[in-house]
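# Remarks on the overall topology
Here are the chains, one letter per residue:
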Amino acid sequence: MKLSLILGLLLVGQAAFAKDISVKVSGMVCSMCAQGIKKKFSQIKEVKEINVNLDTKIVSIKTNEDQDLKDEKIKEIITEAGYNVASIERK
Amino acid sequence: MKNYLIGSLVYMITLSAHSHPVIYQGGKVISSFNMASYSDNQALYSITSKWSAGLNHWRFTKKDKNTEMGLARVNHLLWRKNGEDSQANIYLLSGIGLVDSEIEARRTEEVYLGGFEADWETRTLFTALKYYHFTSPKVTDIFMAQGRIGFSPFESGFEDLQTWFMLQAMVMPDVEPNVIITPMLRFFYKSVLWEMGSSTRAEWMLNLMVHY
């Protein structure tokens, strides 16, 4: 029981280090062209999951546990994909 | 000869041309545009999000005689406006290669390409204009201007099938027929685009483009 509690706390603690980042992107109107955003982020080792929403123009990034992506890196990747970052939010 | 070279270089610097000829850094494009009167096959690699390079083969047919060109291409994204719900682009295109023409006496000579492409699109509206000018001092001087308008009846999701209705107008004075109006359907799914249409002169069109 005590061991389970400690393990549970450790898991919760580790999960807390994964970051959810929402990036608002300008100019993202063509899904075929925006595939580049998904491809570029998928190549980054810190990224666990990437979702693109054309309705909200938001790219949602989930990082691996204990890893983060700096704003500068996010802006660099979005720019390399041909778009502009309007805002970045972290949860 | 010197004047043609200078003129071609001016074209390369000042004009531009074709539908998203530069994509994301490291992205590759293979495309094939086909009608009875012309075809355009390209393989391009985007070195950066502003520059791409690749190979291009063109065929123009006039009265059953072909003019074919193989070119090395360099394309540049000159200007882009990323709006909240729209995107606008201007590209400059250039190329150098060989032309082989059956028109008049058959011969193979060097050819230069200059052109531009401009487009504006939202998720449901699309407009594009492009201009290609091929100059070969001893063989041919061909230009092609193309305009497109289109709409999508609905906004599809990121990884859903997209459907567009489009109208294309092409002017090619050195090709038969020299004005071609083509209504078409455009579809794309993830990184694959295909188009099907038939011109007002019943000339078929079949296009395919893949990004990877």
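To be clear, the structure that these remarks concern was listed above.
Predicted model, so just to flag it, every value in this text is computed and none were measured. (Residues numbered from 1 in each chain as written. Chains lettered and ligands numbered in written order. Predicted model: local features only at pLDDT ≥ 70, side-chain atom pairs only at ≥ 80, totals over all residues.)

This next bit is on the overall build of chain B. Each helix and strand in chain B was counted, giving one helix and twelve strands. When the helices and strands of chain B are listed from N to C terminus, the series reads α-β-β-β-β-β-β-β-β-β-β-β-β. In terms of overall size, chain B behaves like a compact globule, its C-alpha atoms giving a radius of gyration of 17 Å where 212 residues would be expected to give roughly 17 Å. Seen through its C-alpha atoms, chain B measures out along the principal axes to roughly 55 × 40 × 25 Å. In chain B, which comprises 212 residues, the share counted as buried stands at 39%. (Helix = DSSP H or I, 4+ residues; strand = E, 2+ residues; numbered from the N terminus. Rg over C-alpha atoms; globule rule 2.2 N^0.38 Å. Buried ≥ 20, exposed ≤ 12 C-beta atoms within 10 Å, placed from the backbone.)

Quick look at the overall build of chain A now. Summing up its helical and strand segments, chain A has three helices and four strands in all. Counting from the amino terminus, chain A carries its helices and strands in the arrangement α-β-α-β-β-α-β. Counting across all 91 residues of chain A, residues that qualify as buried make up 23%. The contacts in chain A between residues at least 6 apart in sequence include a share of 63% that link residues at least 24 apart. (Contact = placed C-beta atoms within 7 Å.)

Quick look at helix H2 (residues 31-42) of chain A now. The end-to-end C-alpha separation of H2 of chain A is 16 Å, in line with the 16 Å expected for twelve residues at 1.5 Å each. Within the sequence span of H2 of chain A, burial applies to Ser 31, Cys 33, Ala 34, Gln 35, Gly 36, Ile 37, Lys 40 and Phe 41 of chain A. The elements touched by buried residues of H2 of chain A are strand S2 (47-53), strand S3 (58-63) and helix H3 (71-80) of chain A together with strand S9 (162-171) and strand S12 (204-211) of chain B. (Expected span 1.5 Å × (residues − 1).)

Attention now moves to the nonpolar core. Ranked by size, the top nonpolar core spans 49 residues in total, and within it Ile 37 and Ile 78 of chain A together with Val 111 and Leu 113 of chain B carry the most contacts. Residue contacts for Ile 78 of chain A: discarding those within four places in its chain leaves Val 23, Val 25, Ile 37, Tyr 83, Asn 84 and Val 85 of chain A. (Core = buried A, V, L, I, M, F, W, Y, C linked by C-beta atoms within 7 Å.)

The next thing to look at is the interface of chain B and chain A. Of the residues lining the interface, 25 residues belong to chain B; the matching set on chain A comes to 20 residues. Among the residues making up the side of chain B that touches chain A, the classes are represented as five nonpolar, 14 polar and six charged. (Nonpolar A, V, L, I, M, F, W, Y, C, P; charged D, E, K, R; others polar.)

In this section: the pairing of strand S6 (residues 107-121) of chain B. Residue and element names in this part refer to chain B. Both strand S5 (residues 87-101) and S6 contribute to a ladder of 15 bridges, which runs antiparallel. Counterpart to Leu 93 in the pairing with S6 is Gly 115. Bridging between S6 and strand S7 (residues 125-136) involves ten bridges; their strand directions are antiparallel. Within S7, the position partnered with Leu 113 by the bridge is Phe 134. The hairpin formed by S6 and S7 contains three residues between the paired strands. (Pairing = 2+ DSSP bridges.)

All names here are of chain A. As summarised here, the arrangement of the four strands in space is S2-S3-S1-S4, forming an open sheet in which the pairing is antiparallel. At either margin of the open sheet sits one strand with a lone partner, and together these are S2 and strand S4 (84-90). Taken over all neighbouring pairs, the strand axes of this sheet differ in orientation by 20° on average, direction set aside. The sheet contact formed by strand S1 (residues 20-26) and S4 spans six bridges and is antiparallel. Within S4, the residue paired with Val 25 across the bridge is Val 85. Those strands touched by H3 are S1 and S4, and its axis lies near 145° from that of S4. (Axes fitted to C-alpha atoms, helices over the stretch in contact; angles between N-to-C directions.)

All names here are of chain B. Around the barrel, twelve strands lie side by side as S1-S2-S3-S4-S5-S6-S7-S8-S9-S10-S11-S12; this closed barrel has antiparallel pairing. For this sheet, the mean inter-axis angle between neighbouring strands, taken without regard to orientation, is 15°. Bridge count for strand S1 (residues 28-35) against S12 is seven bridges, and the pairing is antiparallel. Each bridged residue has a counterpart across the sheet, and for Phe 33 the counterpart in S12 is Asn 207.

Another point: the pairing of S9 of chain B. Residue and element names in this part refer to chain B. Pairing geometry for strand S8 (residues 140-151) and S9, over seven bridges, is antiparallel. Considered in S9, the bridge of Arg 148 is made with Gln 168. Examined bridge by bridge, S9 and strand S10 (residues 179-189) share ten bridges and lie antiparallel to one another. Looking at S10, one finds that Phe 165 is bridged to Leu 185.

Residue and element names in this part refer to chain B. Its identity is not glycine, yet Lys 63 carries a phi of approximately 50°, on the positive side. Of note, Lys 190 is a non-glycine position whose phi angle comes to about 55°, a positive value. Along the chain, Lys 190 falls in the loop between S10 and strand S11 (192-198). The class of Lys 190 is partly exposed, set by 16 C-beta atoms lying within 10 Å.

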